[in-house]
Amino acid sequence: MKRKGGISPVGLMVIIILIVLIIVFFAAAWENHARYQKEAAVTPTPSITPRTVRITENPAYPTSTPTPCVLQVNSVGIEVKQLQERLKELEYYTGVVDGQYGNGTKAAVKAFQEQHKLTADGIAGDKTIALLYSTSAQVFVPTPTPSPTPALLSNGSNGEEVKTLQERLKVLGYYTGTVDGAFGSGTKAAVKLFQQQNGLEADGMAGQKTLALLYSDAAKRVTITPTPELVQVLNGSVPMLVNKQHMVAKDFVPADLVDMSSYCPSSLVKIKYSGTKGQREAVNALVFMLQAAAADGITNWQVSAAYRSYADQQSMMDSKIRTYMENNNMSRSQAASAASRTVAQPGASEHHTGLAFDMTVPNTSTFLGTKQCTWLHQHCWEYGFIIRYTEEKKDITGFEAEAWHIRYVGKEHSENIRRLNMCLEEYVDYLNKQ
């Protein structure tokens, strides 16, 4: 029965139930909020030991200061993987980026530490990681390790020790030649320049003191750039120039001439005239070059001329003058002028040096256009020879082009002459002005 002016029992019951439900709901919400606040205040602990770096910004690698950490052999996880990626980016690490800190990762960390003057223990601690991920981290620069022997490297030495020497001199900027393991005039000049700029006795020989300083961190980089031309000037080696303005004396005879007929392998080259001679070093280079040509399938060579005495050159000039006078109805002065374009005056011939050779093909009257001529013009500079007289330089040399005439100047000079596109007159003048 409903009471007049009041709430019925049923209505009162409904109100009580609603109040209870509201209290329960707010109690549950408050409990959930308290639990969330409690969990949010807790700092998670890494799941591996030792503790690792927590990445805060870039997922590739940290850009902010990393938290204190130690990564070492047997560490695993994303932090190791990021360490490997950074080491690989800087070229210290070449292995697989797998997140496992093994001996390869340790060696890479150690190399990084050595280059950056840190304790090289192969353990990625606080200092190592901070520097590794900083902008001061350097790309890996390998340092050659010298062989303990021999104690002295000098002109004429050959082998891996010389090659390592050349590589180190090249890194420091002193050597510009080919790293070929042969200690020649270019290597000697580079050693001499290194000694001069590093307070050593400048004798051009790499002895114990020179080698010790060269491979140390105290070795100074070159303070001037030694171009190939400057290297030759420092070495005091300038090719001998013989032409109409630079003539040899009437009694000039080069040293160390050899009889090419008995000296050169007959299977490799034919010597056209018995008694033909050449300077030993140049003949050796010629034989070496023709062996290389044979390896390329180019054979059937002939040497038609090499060393000539003053008297021989006079005889050649007189014969040429007579030919012009008889066949072209010229006066002697006209014939002499015409002959001088193809035959040098006595004392002005390259052949006086014993370093020049006229290369031909047996039983043929032409050389230009043959496969031998093509190979010679492409490769002679690799063996220390140049094509002495070319069409483009005839106004400078004073002689018509001679495709068959080669001159030995040494490998370093021949490579420079080719690179600079100079004739010998231009090159010698260039060297003397340095």
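Our subject is the structure listed above.
Keep in mind the model is a prediction, meaning the values are calculated, not measured.

Draft legend 1. Representation of the overall build of the chain within the structure. The number of helices and strands found in the chain is 16 helices and 7 strands. Counting over 434 residues, the chain shows a buried share of 41%. Relative to all contacts within the chain whose residues are 6 or more apart in sequence, the contacts with residues 24 or more apart total 59%. When the accessible surface of the chain is summed, it comes to about 24100 Å², and 55% of that surface belongs to carbon and sulfur atoms.

Draft legend 2. Highlighting the state of the cysteines. In this structure the tally under the stated criterion is 0 disulfides. The thiol of C380 is unpaired, and the distance to the nearest cysteine sulfur, on C373, comes to 10.0 Å. C380 sits in the buried class, given a relative accessible area of 2%.

Draft legend 3. Structural view of the nonpolar core. Counting 34 residues, the largest nonpolar core has L286, M289, W301, F357, M359 and F385 as its most contacted members. With 9 residues, helix α10 (residues 280-295) is the largest single contributor of residues to this core. Counting residues in hydrophobic clusters, the runner-up holds 19 residues, among them L153, F194, L213 and V222.

Draft legend 4. Up close: unusual backbone geometry. Despite not being glycine, D256 shows a phi value in the positive range, around 60 degrees. If you trace the backbone, D256 turns up in the loop between α8 (228-235) and β1 (257-259). Residue classification places D256 among the partly exposed residues on the basis of a relative accessible area of 39%.

Draft legend 5. Here's a closer look at helix α3 (residues 103-115). With 13 residues, α3 should cover 18 Å at 1.5 Å per step; its first-to-last C-alpha distance of 18 Å lies within 8% of that length. Those residues of α3 that sit buried are T105, A108, V109, A111, F112, Q113 and Q115. Taken together, the buried residues of α3 touch α2 (78-89) and α4 (126-132).

Draft legend 6. Expanded view of the pattern of salt bridges. In total, this model carries 10 salt bridges according to the counting rule given. With a shortest N-O distance of 2.9 Å, R407 and E350 are connected by a salt bridge. Taken together, the positions of R407 in strand β7 (residues 402-408) and E350 in the loop between α12 (332-339) and β5 (356-360) put the pair 57 residues apart, joining distant regions of the chain. In terms of burial, R407 and E350 fall into one category: buried. E425 is the salt-bridge partner of R388, the closest N and O atoms lying 2.7 Å from each other.

Draft legend 7. Representation of the side chain of S304. One can find S304 in strand β4 (residues 301-305). Leave out the neighbours within four places in its chain, and S304 touches K272, Y273, D358 and T360.

Draft legend 8. Fine view of the layout of surface pockets. Put simply, the largest pocket is a space of about 1000 Å³. Elements that contribute at least two residues to the lining of the largest pocket include exactly α6 (185-197), α8, α10, β7 and α15 (411-420). Ranked by residue count, the leading element in the lining of the largest pocket is α15, at 6 residues. Of the residues that constitute the lining of the largest pocket, the class distribution is 17 nonpolar, 21 polar and 8 charged. Taken as a whole, the second largest pocket spans an internal volume of roughly 750 Å³. Considering the residues around the second largest pocket, the lining is formed by 31 residues, among which A305, R308, M316, H351 and D358 are closest to the centre. Residue assignment for the lining of the second largest pocket shows that the elements contributing at least two residues are β4, α11 (310-328), β5 and β7. Here the lining of the second largest pocket takes 5 residues from α11, the largest share from any one element. Here the lining of the second largest pocket is built from residues that sort into 12 nonpolar, 10 polar and 9 charged.

Draft legend 9. Quick peek at the pairing of β4. Extensive coverage of β4 is indicated by the burial of 5 of its 5 residues. Pairing geometry for strand β2 (residues 269-271) and β4, over 3 bridges, is parallel. Counterpart to V269 in the pairing with β4 is W301. Sheet topology note: the β4/β5 ladder contains 3 bridges and is antiparallel. Across the sheet, the residue bridging to V303 is M359, located in β5.

About the cut-offs
Residues numbered from 1 in each chain as written. Predicted model: local features only at pLDDT ≥ 70, side-chain atom pairs only at ≥ 80, totals over all residues. Heavy atoms only, no water. Helix = DSSP H or I, 4+ residues; strand = E, 2+ residues; numbered from the N terminus. Buried < 20%, exposed > 50% of the residue type's maximum accessible area, 1.4 Å probe, protein only. Contact = heavy atoms within 4.5 Å. Areas by Shrake-Rupley, 256 points an atom, 1.4 Å probe, with all protein chains shown as cover. Disulfide = S-S within 2.5 Å. Core = buried A, V, L, I, M, F, W, Y, C linked by side-chain atoms within 4.5 Å. Expected span 1.5 Å × (residues − 1). Salt bridge = Lys/Arg side-chain N within 4 Å of Asp/Glu carboxyl O. 1 Å grid on protein atoms, 1.4 Å probe; cavity = no way out; pocket = protein on both sides within 12 Å on 5 of 7 lines; lining within 4 Å. Points joined across faces, edges and corners; volume = space filled by probe spheres on them. Nonpolar A, V, L, I, M, F, W, Y, C, P; charged D, E, K, R; others polar. Pairing = 2+ DSSP bridges.

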